[in-house]
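# Analysis of the macromolecular model
The residues making up each chain are set out below.
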Number of protein chains: 2
Amino acid sequence: MLTLFRYNWQVREEWFDWCEGVPDEDFTRERIGGVGSFLRTLWYIVDSEYSWIRATVEEPDVQLPFERYQTLSQVRALSNTCHHEICPVIEQWTPDMDSKKVHASWRPGETFSSEQVFRHVIAHEIHHMGQLSIWARDIGREPVSANLLDRSLG
Amino acid sequence: MLTLFRYNWQVREEWFDWCEGVPDEDFTRERIGGVGSFLRTLWYIVDSEYSWIRATVEEPDVQLPFERYQTLSQVRALSNTCHHEICPVIEQWTPDMDSKKVHASWRPGETFSSEQVFRHVIAHEIHHMGQLSIWARDIGREPVSANLLDRSLG
């Protein structure tokens, strides 16, 4: 599971780098499908992972309003800050904690296991990165590779 | 890992069902990005999973030429046939087999672990399903949900 998180983090960094080469209007433009733009997708991935991983350690949800992250550098800084906080949670996780119960304020009355939440967060990011790859081609650019095997992930 | 495979299989079935409601010309039309169409994406996911999982049990690659799977019913039947063969491999896998070495004829000279291959196959399918969700909106339809938590996956 940890390797799939590392995969997502590596791919996300590559998308951030990739976005540096994209004109602002392409980066922020509203698009059809997904959550609507490169910018909003990156923010959404960060926000979602942050909220869910905090929930696994019983930390309350922190609002990260999209309106405050309107540039690539802002959303990248947000990603770094959140990553710094949640990375240790994931890196230090042990299998005996997989069944730990998780409650999330945005899913009142429901109980999940940590393992379910981890899987959800992983699949969520891969799904949305796949969407970015279509939009990349829409603007005539080669997307970041999604290939997992050609990465040094152990 | 098994749960993520089950997730992919469930989502794939839902995409097959979804495609039943899509006109043939939308299903087969060449699109920008990914591997180029709904049809080809579904074929590609099946072919890739089949080849890699067979490689983990030292079975040679079997060619499944795209040209033979040109309709939804053909690619769906292919998916069922392949699934029937590889599902037991994944369902019966045990953690002690994760480090088993894998060689693939299409990656000569390289050695992977089974665990790496499993992760790759999982991420590959989620990535391409994310692409389908963009194309679904492009043709004005609501895509299959990618949400992992709202599924009975254990």
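About the cut-offs
- Residues numbered from 1 in each chain as written.
- Chains lettered and ligands numbered in written order.
- Predicted model: local features only at pLDDT ≥ 70, side-chain atom pairs only at ≥ 80, totals over all residues.
- Heavy atoms only, no water.
- Helix = DSSP H or I, 4+ residues; strand = E, 2+ residues; numbered from the N terminus.
- Expected span 1.5 Å × (residues − 1).
- Buried < 20%, exposed > 50% of the residue type's maximum accessible area, 1.4 Å probe, protein only.
- Contact = heavy atoms within 4.5 Å.
- Least-squares fit on C-alpha atoms with pLDDT ≥ 70 in both.
- Axes fitted to C-alpha atoms, helices over the stretch in contact; angles between N-to-C directions.
- Parallel < 35°, antiparallel > 145°, perpendicular 65-115°, else oblique.
- Left-handed = near helix turned anticlockwise from the far one by under 90°.
- UniProt positions renumbered as here; feature names shortened; annotations may be inferred.
- Core = buried A, V, L, I, M, F, W, Y, C linked by side-chain atoms within 4.5 Å.
- Disulfide = S-S within 2.5 Å.
- Nonpolar A, V, L, I, M, F, W, Y, C, P; charged D, E, K, R; others polar.
- Phe/Tyr/Trp six-rings, centres within 6.5 Å; stacked < 30°, edge-to-face > 60°.

### Description of helix H1 (residues 2–20) of chain B
A rise of 1.5 Å per residue sets the reference length of H1 of chain B, with its 19 residues, at 27 Å; its end C-alpha atoms lie 27 Å apart and thus fit the reference within 8%. If you check which residues of H1 of chain B are buried, you get Thr-3, Leu-4, Phe-5, Tyr-7, Asn-8, Trp-9, Val-11, Arg-12, Trp-15, Phe-16, Trp-18 and Cys-19 of chain B. Packing partners of the buried residues in H1 of chain B comprise helix H1 (2–20) and helix H5 (114–138) of chain A together with helix H2 (24–28), helix H3 (38–56), helix H4 (72–91) and helix H5 (114–138) of chain B.

### Describing the relation of the copies chain A and chain B
At an RMSD of 0.0 Å, chain A and chain B line up after a rotation of 180 degrees and a shift of 0.0 Å along the axis. With respect to symmetry, the two chain copies, as superposed, fit the operation of a two-fold axis. Both copies present the same face, since 100% of the interface residues in chain A are matched by interface residues at the equivalent positions in chain B.

### Here we look at the packing of H1 of chain B against H4 of chain B
All names here are of chain B. With their axes 12 Å apart at the nearest point, H1 and H4 run at an angle of 170 degrees to one another. By the angle between their directions, the pair H1 and H4 is classed as roughly antiparallel. In this structure, the crossing between H1 and H4 has a hand that is left-handed. Contacts from Leu-2, Phe-5, Arg-6, Trp-9, Arg-12, Glu-13, Phe-16, Asp-17, Cys-19 and Glu-20 of H1 reach H4 at Leu-72, Val-75, Arg-76, Ser-79, Asn-80, His-83, Cys-87, Ile-90 and Glu-91.

### Description of the UniProt feature "binding site: a divalent metal cation" (unreviewed entry) in chain A
Residues and elements named next belong to chain A. Following the UniProt record, the feature "binding site: a divalent metal cation" (unreviewed entry) maps to His-124 and His-128 here. Relative to the assigned elements, His-124 resides in helix H5. Once residues lying within four places of it in the same chain are set aside, the contact partners of His-124 are Tyr-44 and Ser-48. Summarising the element assignment, His-128 is placed in helix H5.

### A few points about the nonpolar core
Formed by 103 residues in total, the largest nonpolar core has its most connected members in Trp-15 of chain A together with Trp-15 of chain B. Looking at this core, the elements with two or more residues in it are H1, helix H3 (38–56), helix H4 (72–91) and H5 of chain A together with H1, H3, H4 and H5 of chain B. What Trp-15 of chain B contacts, discounting residues up to four positions off in sequence, is Phe-38, Leu-42, Met-129, Leu-132, Ser-133, Ala-136, Pro-143 and Val-144 of chain B.

### Notes on the state of the cysteines
Per the counting criterion, the structure on display carries 0 disulfides over all chains. Unpaired in terms of disulfides, Cys-87 of chain A finds its nearest cysteine sulfur in Cys-82 of chain A, a separation of 12 Å.

### Remarks on the packing of H1 of chain B against H5 of chain B
Residue and element names in this part refer to chain B. Where H1 contacts H5, the axes come no closer than 10 Å and their chain directions differ by 30 degrees. Classed by the angle they form, the pair H1 and H5 counts as roughly parallel. Crossing of H1 over H5 shows left-handed handedness. Here H1 contributes Leu-4, Phe-5, Tyr-7, Asn-8, Val-11, Arg-12, Trp-15 and Trp-18 to the contact with H5, which in turn contributes Phe-118, Val-121, Ile-122, Glu-125, Ile-126, Met-129, Leu-132, Ser-133 and Ala-136. Its residues assigned to classes, the contact of H1 with H5 comprises 13 nonpolar, 2 polar and 2 charged.

### Digging into unusual backbone geometry
Residue and element names in this part refer to chain A. Its identity is not glycine, yet Glu-58 carries a phi of approximately 60 degrees, on the positive side. In this structure, Glu-58 sits in the loop between H3 and H4. Since its relative accessible area comes to 61%, Glu-58 is described here as exposed.

### Section: the packing of aromatic side chains
Residues and elements named next belong to chain A. Across all of its chains, the model carries 22 aromatic pairs over all chains by this definition. Taken together, a centroid distance of 5.5 Å and an interplanar angle of 85 degrees make the contact between Phe-5 and Phe-118 edge-to-face. Of this pair, Phe-5 sits in helix H1 while Phe-118 is found in helix H5, placing the two residues 113 residues apart along the sequence. What makes Phe-118 buried here is its relative accessible area of 3%.

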